[in-house]
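# A closer look at the structure
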Amino acid sequence: MQKTFSIIKPDAVKRNLIGHINQMIESSDLKILASKKMYLTKNQAELFYKVHNEKPFYNSLIEYMTSGPVQVQVLEGKDAIVKYRKIMGATNPFEAEDGTIRKLYAESIEANSVHGSDSEENAKIEINFFFSGSELV
Ligand code: IDP
Ligand code: MG
């Protein structure tokens, strides 16, 4: 069993897609161990995406990620990290495979509906950033 960290981003929360996306997650045999709705502060968004702070889209990304509430979640399952990245689809929705969350729901390469950890190391860091151990059940 492996854990990964997920964010349902502001564009998807705004369009009432939390349930649709979580249905896709659960029917892929991933368990939702923890889930909470929150506003990211500017500081949290900047820290979370600090690997991108030199990119031209960084400021816009921070503005977008703080533009409305998000649903932060911890998922668990066999090969959860790769499995969830597969269900999410490519960063750019125009390149995402049919049936993926981003193909179905993303509005643009920025407002692409979901985040998922890309490695075991980052999954640990991202989970600990938002949740304490006792919240994962
Ligand atoms: P990922 O979310 O698929 O891992 P990353 O390359 O880590 O993609 O980028 C983080 C987030 O930054 C993306 O999910 C998307 O919201 C945004 N982003 C990535 N590339 C671009 C871009 O070229 N223009 C605008 N936003 C982008
Ligand atoms: Mg990434």
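As a reminder, the structure under discussion sits directly above these lines.
What comes next is a walk through the structure. (Residues numbered from 1 in each chain as written. Chains lettered and ligands numbered in written order. Predicted model: local features only at pLDDT ≥ 70, side-chain atom pairs only at ≥ 80, totals over all residues. Heavy atoms only, no water.)

Let us look at the overall build of the protein chain. A count of helices and strands for the protein chain gives 7 helices and 4 strands. Secondary structure of the protein chain in N-to-C order comes out as β-α-α-β-α-α-β-α-α-β-α. On C-alpha atoms alone, the protein chain measures out to a radius of gyration of 14 Å, which is about the 14 Å that the 2.2 N^0.38 rule sets for 137 residues. Reported as C-alpha extents along the three principal axes, the dimensions of the protein chain are approximately 35 × 35 × 25 Å. When each of the 137 residues of the protein chain is scored for burial, the buried share is 46%. Counted over contacts in the protein chain with a minimum sequence separation of 6, partners at least 24 positions apart contribute 78%. (Helix = DSSP H or I, 4+ residues; strand = E, 2+ residues; numbered from the N terminus. Rg over C-alpha atoms; globule rule 2.2 N^0.38 Å. Buried < 20%, exposed > 50% of the residue type's maximum accessible area, 1.4 Å probe, protein only. Contact = heavy atoms within 4.5 Å.)

Another point: the pattern of salt bridges. Evaluated as defined, the whole model comprises 7 salt bridges. Residue lysine 42 pairs with glutamate 46 through a salt bridge whose shortest N-O separation is 3.1 Å. Of this pair, lysine 42 and glutamate 46 both sit in helix α3 (residues 42-48), 4 residues apart, roughly one helical turn. Here glutamate 46 falls in the partly exposed class, since its relative accessible area comes to 27%. (Salt bridge = Lys/Arg side-chain N within 4 Å of Asp/Glu carboxyl O.)

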